[in-house]
Amino acid sequence: MHLLHILRHAKSGRDAGVDDRDRTLSKRGREAAHAVGKGLPEAIGAIDLVLCSSSARTRETADLVLAAYPKPPRILFEDGLYLVGEGALLLRLRRLDEACGSVLLIGHNPGLHQLAVALAAPKSANVAALADGKFPTTARATLRIEGRWAAPERGRNALVDYVPPKSLGIED
């Protein structure tokens, strides 16, 4: 069994003339990421690997949400995770080492939301809220991947947790 934690980056700024990949977090985004990070070790436990898009906003989110860990987990910043869809994310997960028990994936919508909905078992608690709603900035979904990373099956994995920022008292 593996755990996949899917986290959307925090809210970013919209500075004119700044390339999308280079956009940094807004003040509100930094505050939200810090708030999420304070409770992350208790909420999800140890992380074996963090896969993070290479954009400025995802890198900054990773720094802030992982700050509460006494020993930061290994992080891979990957260009191939920038603004990709569910299919590309699934292909990346299939290349994970089976020894990685708990993986945090930090990236962008709509790909993250599509991935979470596709992998979640329809009878999981909170799956309706995940599927029917949006996946706001700093939202997290945790799935228990029953099989191997090499072959995660769609619709077969328990949605262990879905945490939109409002449930933590954070404005998205």
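Please read these numbers as outputs of a predicted model, since none were measured by experiment.

Would you mind showing me how to read the environment of Arg154 here?
Within the secondary structure, Arg154 sits in the loop between β5 (140–145) and β6 (158–163). Distance from Arg154 to Leu115, taken between C-alpha atoms, is 8.9 Å for residues 39 residues apart in sequence. Setting aside residues up to four positions removed in sequence, Arg154 forms contacts with Glu86, Leu90, Ala118 and Leu119.

How do you make sense of the state of the cysteines when you look at a structure like this?
Each disulfide is one covalent bond, formed between the sulfur atoms of two cysteines. Tallied over the full model, the rule gives zero disulfides. Not part of a disulfide, Cys52 finds its nearest cysteine sulfur in Cys100, a span of 15 Å. On the accessibility criterion, Cys100 (12% relative accessible area) is buried.

Any chance you could explain the packing of helix α1 (residues 27–44) against helix α2 (residues 56–65) here in plain terms?
When two helices pack together, their arrangement is captured by the angle between the axes and the distance separating the axes. Contact pair α1 / α2: the axes reach a minimum separation of 7 Å and the direction vectors enclose 40 degrees. Of the possible angle classes, the one that applies to α1 and α2 is oblique. Pair α1 / α2 crosses with right-handed handedness. Residues Arg30, Ala33, His34, Val36, Gly37 and Leu40 of α1 form the contact with α2, whose own contacting residues are Glu60, Leu64 and Val65. Within the contact of α1 with α2, the residues separate by chemical class into five nonpolar, two polar and two charged.

Explain helix α3 (residues 86–94) here, please?
Because the α-helix completes a turn every 3.6 residues, residues three or four places apart line up on one side. Inspection of α3 places Glu86, Leu89, Leu90, Arg92 and Leu93 among the buried residues, and these make up the whole buried set. Seen from one end, α3 has its buried residues packed into an arc of 160 degrees, which puts them on one side. On its buried face, α3 sits against β1 (2–8), β2 (49–53), β3 (74–78), β4 (102–107) and α4 (111–119).

Each value, and the rule that gives it
- Residues numbered from 1 in each chain as written.
- Predicted model: local features only at pLDDT ≥ 70, side-chain atom pairs only at ≥ 80, totals over all residues.
- Heavy atoms only, no water.
- Helix = DSSP H or I, 4+ residues; strand = E, 2+ residues; numbered from the N terminus.
- Contact = heavy atoms within 4.5 Å.
- Disulfide = S-S within 2.5 Å.
- Buried < 20%, exposed > 50% of the residue type's maximum accessible area, 1.4 Å probe, protein only.
- Axes fitted to C-alpha atoms, helices over the stretch in contact; angles between N-to-C directions.
- Parallel < 35°, antiparallel > 145°, perpendicular 65-115°, else oblique.
- Left-handed = near helix turned anticlockwise from the far one by under 90°.
- Nonpolar A, V, L, I, M, F, W, Y, C, P; charged D, E, K, R; others polar.
- Arc of directions from axis to C-beta.

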